[in-house]
2 protein chains.
Amino acid sequence: MEYGRIFNFSAGPAIMPVEVLEEVAAEVLNYRGSGMSVMEMSHRSKVFETIRNEAEADLRILMGIPDNYKVLFIQGGATLQFAMVPINLLQNGVADYIVTGAWSEKAYKEARKYGKINLLASGKASNYSAIPDVSDLPVSPDADYVYICENETIHGTTYSELPNTRGKILVSDQSSMFLSKPCNVADYGMIYAGVQKNVGPAGMVVAIIREDLIRKDLDPKTPVYLRYDTHAENDSMYNTPNSWAIYVCGKVFKYLLRNGGLAEMDKRNIEKAKILYDYLDESKLFHGTVAAKDRSLMNVPFVTGDAEKDAAAVKAMKEAGFENLKGHKSVGGLRASIYNAMPKEGVEALVDFLKKYEGV
Amino acid sequence: MEYGRIFNFSAGPAIMPVEVLEEVAAEVLNYRGSGMSVMEMSHRSKVFETIRNEAEADLRILMGIPDNYKVLFIQGGATLQFAMVPINLLQNGVADYIVTGAWSEKAYKEARKYGKINLLASGKASNYSAIPDVSDLPVSPDADYVYICENETIHGTTYSELPNTRGKILVSDQSSMFLSKPCNVADYGMIYAGVQKNVGPAGMVVAIIREDLIRKDLDPKTPVYLRYDTHAENDSMYNTPNSWAIYVCGKVFKYLLRNGGLAEMDKRNIEKAKILYDYLDESKLFHGTVAAKDRSLMNVPFVTGDAEKDAAAVKAMKEAGFENLKGHKSVGGLRASIYNAMPKEGVEALVDFLKKYEGV
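Reading the values: rules and limits
- Residues numbered from 1 in each chain as written.
- Chains lettered and ligands numbered in written order.
- Predicted model: local features only at pLDDT ≥ 70, side-chain atom pairs only at ≥ 80, totals over all residues.
- Heavy atoms only, no water.
- Contact = heavy atoms within 4.5 Å.
- Buried area = accessible area lost by both parts, 1.4 Å probe.
- Salt bridge = Lys/Arg side-chain N within 4 Å of Asp/Glu carboxyl O.
- Polar contact = N/O pair within 3.5 Å; in protein donor to acceptor, adjacent residues only side chain to side chain.
- Helix = DSSP H or I, 4+ residues; strand = E, 2+ residues; numbered from the N terminus.
- Buried < 20%, exposed > 50% of the residue type's maximum accessible area, 1.4 Å probe, protein only.
- Patch = residues over 30% accessible without salt bridge, like charges linked within 9 Å, V, L, I, M, F, W, Y side chains within 5 Å.
- Areas by Shrake-Rupley, 256 points an atom, 1.4 Å probe, with all protein chains shown as cover.
- Lys, Arg positive; Asp, Glu negative; His and termini not counted.
- Charge placed at Lys NZ, Arg CZ, Asp CG, Glu CD.
- Pairing = 2+ DSSP bridges.
- Least-squares fit on C-alpha atoms with pLDDT ≥ 70 in both.
- Core = buried A, V, L, I, M, F, W, Y, C linked by side-chain atoms within 4.5 Å.
- Phe/Tyr/Trp six-rings, centres within 6.5 Å; stacked < 30°, edge-to-face > 60°.

Chemist: What is the right way to look at the interface of chain A and chain B in this model?
Modeler: Residue-level contacts link 63 residues of chain A with 63 residues of chain B. Surface buried jointly by chain A and chain B totals about 4,800 Å² across both partners, of which 59% is contributed by carbon and sulfur atoms. Sorting the residues of chain A by area buried against chain B places L29, M39 and E40 of chain A first, and these three jointly supply 16% of that buried surface. Across the chain A-chain B interface, the total number found is two salt bridges. Across the salt bridge formed by R5 of chain B and E40 of chain A, the nearest N and O atoms sit 2.8 Å from each other. Counting across the chain A and chain B interface gives 28 residue pairs in polar contact (both at pLDDT 80 or more). Elements with a contribution of two residues or more to the side of chain A that touches chain B: α1 (18–27), α3 (77–89), α4 (102–111) and α6 (243–258) of chain A.

Set out below in structure tokens:
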């Protein structure tokens, strides 16, 4: 492939569009006549302010973010959000969590430090191979919010429809499906996503939060960096942000806009995932691990049913130039992450290889 | 200049070595035959593990970090450290802070949320134009640590000698002087630095902390991301780190090692700063704002004594291609930040311009 690049199926940090990387490479030593790299730019300079403001404006167009939602750029990954969400959003001290895999489980455990956190539903009985029925759950009357991880990167599940929260605020970790399909932001009180899955370089979360949920009456011991109002009132520039991530993500937002936006990404992602799932459904060697209705379009875990055979297949794939297909250490098996930037050709090449490997 | 680059006197993010940026540019689309950008690499992959481990190993050589100190890479900037330091290090609940400018003042204010924080000494009476005498201070007998900001980026002061802590642990924010001169790490319990001043791109702090200070018996409500033990026990990979910053900083560490290390940087920085301070001491138009013994070699604030004249000078400098010489909005005036990567030629060119501007 161009530049000697390979098909990279990493779950994150993950594949990015080549044309975005070409732009980045061309600007490393001198960003558009500024005489400096974006890495060397004062975050208070006019040139960086433009980069930051365009990134936010483009994201707002891409997702159709309503005016009463703030867009925040925060460091510390989803892990820090696991604490910031309850610290900032608990008022009654009660929240309902739906646990559908490793990431919502981590969020649930962290939240329990800060209030009465109910396990509203869990997929544990199915070993997280399916999303539980979320159409009629006993949402706590005094819950400050209902929390989900909308796409579980490790277990490969996604919600086919959002839970019925009975009017309570929905908070969603969209990290591994962010910008993969259209999203009606008004359905949520808050969405956040680590950008290192489907957008750009690691080290930044995008948080989209309804303004009325940003409170000032927090526990006075709350670290200033962990308050959403700190970031909201300072356009995410209370302190130096991850300016490189803002810059690169901004380029990805523009790439998505000029390639048909989220509707087109959805179409492509459905098509790409179908190629892989169709093969897995027919294969005699491999099979997917997730119930058909709950399958992620982004992260596709599969197994042979035998750990040694799984390992042999990963090794053979690596030798053939398909990287990062080993399943997460906590679940084993194999996993292909096929984010927006994975071309259809990459999935086709993988399936061709798997067929040959299987001897079909 | 090469690549149309200019002399960039930004206080941070700030100038980086051209040869580091050249390497980065060449590797954006394919890092050394891996077939992918570092931005696209799983942080759990062998290739990234090597990048991370080399960065730490090189930093250890550069600073001579003893084996009983951990090196941590943490997101959230110095602002998050302002909270993490007291949250993690307070045991008796008492600490002594020396306030010498804007950044130690911010750290002091944040720390007061978490314990009995004493103002051990302050430069406020001199408007932070000098470091108070720190040779014989009434250190609290039960203080868990003494805190300093070793170089104040805004006020342009630095410590000519470290405070006498009477055996208490010294914690130092070295952000704007990190790696500018040799450092005896054993003099400190903990050093931390936001890397976006003197090293690399924004979005990461390097924390160097003595192992016995990393506690497990913290308040159970402490967010997992804010615990030093979380980062220490997982080689700073509990969650996805700012892998791009680790990569670029690693290149700067190698650049410093092959250019004579910190002793050589110190020599160059003394020489560079002398050119500027000598001019300011002689100038009839401009003068430095800091007592001679406490002058930073990194951040050089200066004024005419008239805000309008200051603004006119900043404008003229910008037109002549010298960027980011406006003083911080909180203090006004002018400021030249002359970090490791600023060549002597840059300082000479600035002084030549200032002389002509003054009409000498």
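Chemist: Just to check I follow, could you spell out the pattern of salt bridges for this structure?
Modeler: Pairing of side chains with opposite charge becomes possible as their charged atoms draw close. All names here are of chain A. Overall, the coordinates contain 54 salt bridges over all chains when judged by the stated rule. Among the salt bridges present, the one from E264 reaches K267, with a minimum N-O distance of 3.8 Å. Separated by three residues within a single helix, E264 and K267 lie in helix α7 (residues 261–282), roughly one turn from each other. Owing to a relative accessible area of 56%, K267 belongs among the exposed residues under this scheme.

Chemist: Would you explain a positive patch on the surface in this entry?
Modeler: A cluster of basic side chains, namely R44 of chain A together with K106, K109, R112 and K329 of chain B, defines a positive patch on the protein surface. Residue position: K106 of chain B is located in helix α4 (residues 102–111). The exposure class assigned to K106 of chain B is partly exposed, which follows from its relative accessible area of 33%.

Chemist: Help me understand the pairing of strand β5 (residues 146–149) of chain A, please; the structure alone is not making it clear to me.
Modeler: Residues and elements named next belong to chain A. Where burial is concerned, the two faces of β5 agree: the one with V146 and I148 and the one with Y147 and C149 are both buried. In the sheet, strand β3 (residues 94–99) pairs with β5 via two bridges, with the strands oriented parallel. Along β5, the bridge assignment pairs D96 with V146. Two elements, β5 and strand β8 (residues 170–173), share four bridges in a ladder whose sense is parallel. Paired with V146 across the bridge in β8 is L170.

Chemist: What's the story with the relation of the copies chain A and chain B in this structure? I'm lost.
Modeler: Two chain copies, one operation linking them: a rotation about an axis together with a shift along it. Turning chain A through 180° and shifting it by 0.0 Å along the axis lays it on chain B, with an RMSD of 0.0 Å. Taken together, the rotation and translation describe the operation of a two-fold axis. By C-alpha distance to the rotation axis, the residue of chain A lying nearest is A25 of chain A, at 2.4 Å.

Chemist: Sorry if this is basic, but what is going on with the nonpolar core here?
Modeler: As a rule of thumb, soluble globular proteins bury nonpolar side chains together. Ranked by size, the top nonpolar core spans 116 residues in total, and within it M63 of chain A together with M63 of chain B carry the most contacts. Ignoring sequence-local partners within four residues, the contact set of M63 of chain A consists of Q174, F178, L179, C183, V185, I191, I208 and L262 of chain A. Among the nonpolar cores identified, the runner-up in size contains 70 residues, and Y114, M190 and L213 of chain A together with V85 of chain B belong to it.

Chemist: Explain α1 of chain A to me, please; I cannot follow it from the model alone.
Modeler: Side chains of residues three or four places apart in an α-helix project in the same direction, reflecting 3.6 residues per turn. For α1 of chain A, the complete set of buried residues consists of V20, L21, V24, A25 and E27 of chain A. Looking at the packing, one finds that the buried side of α1 of chain A touches α6 of chain A together with α1 (18–27) of chain B.

Chemist: Just checking my understanding: could you explain the packing of aromatic side chains for this structure?
Modeler: The way to describe two aromatic rings as a pair is by their centre distance and the angle between their planes. All names here are of chain A. For the coordinates displayed, the defined rule picks out 23 aromatic pairs over all chains. Ring centres of Y97 and Y108 lie 6.2 Å apart, and the angle between their planes is 50°; on these two criteria the pair is classed as tilted. On the criterion of sequence distance, the pair formed by Y97 in strand β3 and Y108 in helix α4 is long-range, its members being eleven residues apart. When the centroid spacing of 5.5 Å and the interplanar angle of 45° are considered together, the rings of F322 and F353 count as tilted. Placement of the pair is F322 in strand β13 (residues 322–323) and F353 in helix α9 (residues 344–358), with a sequence separation of 31 residues. Side by side, F322 and F353 carry an identical accessibility label, which is buried. One aromatic cluster in this structure is built from F7, F9, F286, F302, F322, F353 and Y357.

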